[in-house]
Amino acid sequence: SVSISWIAAERASLYIIERRTPQTNWIAVGQTAVGQTYYIDQTAEPATIYSYRVTARNANGDSAPSNYTIVNTWSTLADWRFQNYGTLNNQGVASSLADNGTGVPNLFKFAFNMSASDRFYEVHSQGGIKGMPNIQLQSESGLLQVAFIRRRAERNPGIVYSVEYSNNLTSWAVAGREILTAAIDEDFEYVVWEDDPVTEGARTSRFARVKVVE
């Protein structure tokens, strides 16, 4: 969210708050009564540049718009770092690869809906809301299924998930298909990914992992 404040205008009855991005024109995103000279835009997206301006209105019409101010919102990863470590710095305890004694790098904690203090554990079956990927061999099909928590793409998470499979733990490749997606909340979803079918006896070993890249 973005908070905007301004100096009261004489004889104003209300204020109109407008917003634009480098790709869009000005649009009204809210209004406040005359006694409220601040506004919180809760529809702002992460990692986005916005401009804001304010217009005063009364029975005679609208004032000229105010000068605009520019805001660059944090990425969701930066916000996670700040909420958990009080810093936006990608160094030390807040770096992507730091695990701070928990055994789980921060990038994975961010990706799989874990807090900075969470230690290694796997997400439960459907209904789980956080944890590292859970990999199971399906007895009926003989295929590996990977269940994991994913940040929803429309929330601009700034990371990419790839489900990869290997026969030898050396060569990995994206394979399989998504067979279940269930929303957890506006930010996260529960996903089940299944390996590709194979001819009986075509392979003796199979491994799976979820790769997360900033």
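Structure shown above.
Keep in mind it's a predicted model, so treat the numbers as computed, not measured.

Before going further, it helps to examine the pairing of strand S3 (residues 27-33). Of the strand pairs in this sheet, strand S2 (residues 14-20) and S3 are connected by 6 bridges, and their pairing is antiparallel. Bridge assignment links Arg19 to a residue of S3, and that residue is Ile27. The hairpin turn running from S2 into S3, its antiparallel successor, is 6 residues long.

All right, on to a nonpolar patch on the surface then. Together, Ile49, Tyr68 and Ile70 line one region of the surface with nonpolar side chains, adding up to about 310 Å² of accessible area. Tracing the backbone through its elements, the reader meets Tyr68 in the loop between strand S6 (61-62) and strand S7 (69-72).

As enumerated under the stated definition, the model contains 13 salt bridges in all. Across the pair Asp118 and Lys130 runs a salt bridge, and its minimum N-O distance is 3.3 Å. Taken as a pair, Asp118 in the loop between helix H2 (106-111) and strand S8 (134-137) and Lys130 in the loop between H2 and S8 lie far apart in primary sequence, 12 residues in all. Overall, Lys130 belongs to the partly exposed group, its relative accessible area being 30%. The partner of Arg152 in a salt bridge is Glu154, and the shortest N-O contact between them spans 3.0 Å. Here the residues in one salt-bridge network are Arg150, Glu178 and Glu189, joined through shared partners.

Moving on, we come to unusual backbone geometry. Within the chain, Asn100 stands out as a residue other than glycine whose phi angle is a positive 55°. Along the chain, the position of Asn100 falls in the loop between helix H1 (76-85) and H2. One non-glycine residue, Leu169, lies in positive phi territory at about 65°. On the secondary structure map, Leu169 appears in the loop between strand S10 (160-166) and strand S11 (173-174).

Our focus in this paragraph is the nonpolar core. In this structure, Phe112, Val146, Phe148, Tyr161, Tyr165, Val210 and Val212 are the most contacted members of the largest nonpolar core, which totals 23 residues. Contributing elements (two or more residues each) for this core: H1, H2, strand S9 (144-151), S10, strand S13 (188-194) and strand S14 (207-213). Once you skip the residues sitting within four places of it in the chain, Phe112 turns out to touch Lys130, Gly131, Met132, Pro133, Phe148, Ile149, Tyr161, Val210 and Val212. Ranked by size, the runner-up nonpolar core spans 12 residues in total, among them Ala12, Ile17, Val54 and Ala56.

Conventions adopted
Residues numbered from 1 in each chain as written. Predicted model: local features only at pLDDT ≥ 70, side-chain atom pairs only at ≥ 80, totals over all residues. Heavy atoms only, no water. Pairing = 2+ DSSP bridges. Helix = DSSP H or I, 4+ residues; strand = E, 2+ residues; numbered from the N terminus. Patch = residues over 30% accessible without salt bridge, like charges linked within 9 Å, V, L, I, M, F, W, Y side chains within 5 Å. Areas by Shrake-Rupley, 256 points an atom, 1.4 Å probe, with all protein chains shown as cover. Salt bridge = Lys/Arg side-chain N within 4 Å of Asp/Glu carboxyl O. Buried < 20%, exposed > 50% of the residue type's maximum accessible area, 1.4 Å probe, protein only. Core = buried A, V, L, I, M, F, W, Y, C linked by side-chain atoms within 4.5 Å. Contact = heavy atoms within 4.5 Å.

Distances and angles like these do not, on their own, reveal function.
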